[in-house]
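Each chain, written out:
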Amino acid sequence: EKKFLNPQELVSLFEKGGKIASKLSYFERRASQETMIQIIAEAFNKNEAAVIEAGTGTGKSIAYLIPSIYWAVSNKEKVIVSTYTKNLQEQIYSKDLAFLKKCLEIDFSYALVKGKSNYVCRKRFEETYEGLKDLSESGLFSMEDGERLKVFESLKTWIEKTEDGDIEELSYEMSRVIGEDIRASTDLCLHRKCPFFASCFVNKVKQKIFTSDIIVVNHHYLLAELSMEFEEIPHRILPNFTKIVVDEAHNFKKAAYSYLEDE
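Structure report, in brief.

What follows covers the environment of Leu-112. When you line up the elements, Leu-112 lands in strand 2 (residues 110-112). The buried category is assigned to Leu-112, whose relative accessible area is 10%. In this structure, the C-alpha to C-alpha distance between Leu-112 and Phe-44, residues 68 residues apart in sequence, is 22 Å.

Laid out in structure tokens, this is it:
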């Protein structure tokens, strides 16, 4: 049985003393934001599409995230949030959802979907690292190899501490030095035959994605998922979902042309 959203209850979060307003000393209520929340809540309840154009300063992401969170948790259904730009994707994941996690008295989980190449492959790292150490013991070790080994020793420490193995956590200099040597790759993945399968960062992220309530993706990933569903391909990128929020929708057509164009 569906548990429908109460638009007025969601709007009340923004009233004086509400869960949102009470967390921000500089908070000002915005009628357009509250209207947007009501429209989205009704669209979720009626299983309808809603097309919304809102100006700068409306607080769009918070306006659609709140109904999405309450719907996902109440109905045990996942909600996909898709963006065009990486900056907005990061803002939603690192800032907006983190803020709402502190504000709302509702337990929800969320995940960010990125391509494999954004993560460190433990197997490729160990092979490259061991190769550099072996080279250092030979007489063919250059100054450049020595600097590279120092970077990999630092990476070893980071890999033991990082939760996601996301290469974006590294400094630009470290990312530049490692190049493509340790990035995860579909073509080189050994899957269950890999000795690091149990601790694989990509697998950890996949598990997080498939168990989260709100999943933040980009338009390219969403289109890839929709094309797989259309072609009845069994290997899904995303878990089953019932609701989609497409932000930066004015770029969705551009993303579709880019993804679906004939080569």
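Still to come is the rest of the account.
On to the environment of Phe-197. Inspection of the secondary structure puts Phe-197 in the loop between helix 7 (172-178) and helix 8 (201-210). Taking the C-alpha atoms as reference, Phe-197 lies 8.9 Å from Arg-122; in sequence the two are 75 residues apart.

For the rest of this paragraph, the subject is helix 6 (residues 143-161). Taking 1.5 Å of rise per residue, the 19 residues of helix 6 would be expected to cover 27 Å, and the 28 Å separating its terminal C-alpha atoms lies within 8% of that figure. Residues Asp-145, Gly-146, Arg-148, Leu-149, Val-151, Phe-152, Leu-155, Trp-158 and Ile-159 constitute the buried set of helix 6. Those residues of helix 6 that are buried lie in contact with helix 5 (122-136), helix 7 and helix 8.

Turning to the nonpolar core, a few remarks are in order. Core analysis: the largest hydrophobic core is formed by 39 residues, its most contacted members being Ile-20, Ile-66, Leu-97, Leu-100 and Ile-214. Every element with two or more residues in this core is listed here: helix 1 (7-11), helix 2 (31-46), helix 3 (60-75), strand 1 (79-83), helix 4 (86-103), strand 2 and strand 3 (214-218). For this core, the leading source of residues is helix 3, giving nine residues. With sequence-adjacent residues up to four places away left out, Leu-100 is seen in contact with Ile-20, Ile-62, Leu-65, Ile-66, Ile-69 and Phe-108. With 17 residues, the next largest nonpolar core counts Leu-149, Leu-155, Leu-170 and Ile-182 among its residues.

Backbone geometry at Lys-76 places phi at a positive 55°, although glycine is not the residue there. Since its relative accessible area comes to 74%, Lys-76 is described here as exposed. In this structure, His-191 is a non-glycine residue whose phi angle is positive, near 55°. Relative to the assigned elements, His-191 resides in the loop between helix 7 and helix 8. Relative accessible area serves as the criterion here: at 47%, His-191 is assigned to the partly exposed category.

Right, let's get into the pairing of strand 3. Extensive coverage of strand 3 is indicated by the burial of four of its five residues. In terms of strand pairing, strand 1 meets strand 3 through five bridges, oriented parallel. Bridge assignment links Ser-82 to a residue of strand 3, and that residue is Val-217. Looking at chain direction, strand 2 and strand 3 are connected through three bridges and run parallel. Of the residues in strand 3, the one forming a bridge with Tyr-110 is Ile-214.

Thresholds, definitions, all that
Residues numbered from 1 in each chain as written. Predicted model: local features only at pLDDT ≥ 70, side-chain atom pairs only at ≥ 80, totals over all residues. Heavy atoms only, no water. Helix = DSSP H or I, 4+ residues; strand = E, 2+ residues; numbered from the N terminus. Buried < 20%, exposed > 50% of the residue type's maximum accessible area, 1.4 Å probe, protein only. Expected span 1.5 Å × (residues − 1). Contact = heavy atoms within 4.5 Å. Core = buried A, V, L, I, M, F, W, Y, C linked by side-chain atoms within 4.5 Å. Pairing = 2+ DSSP bridges.

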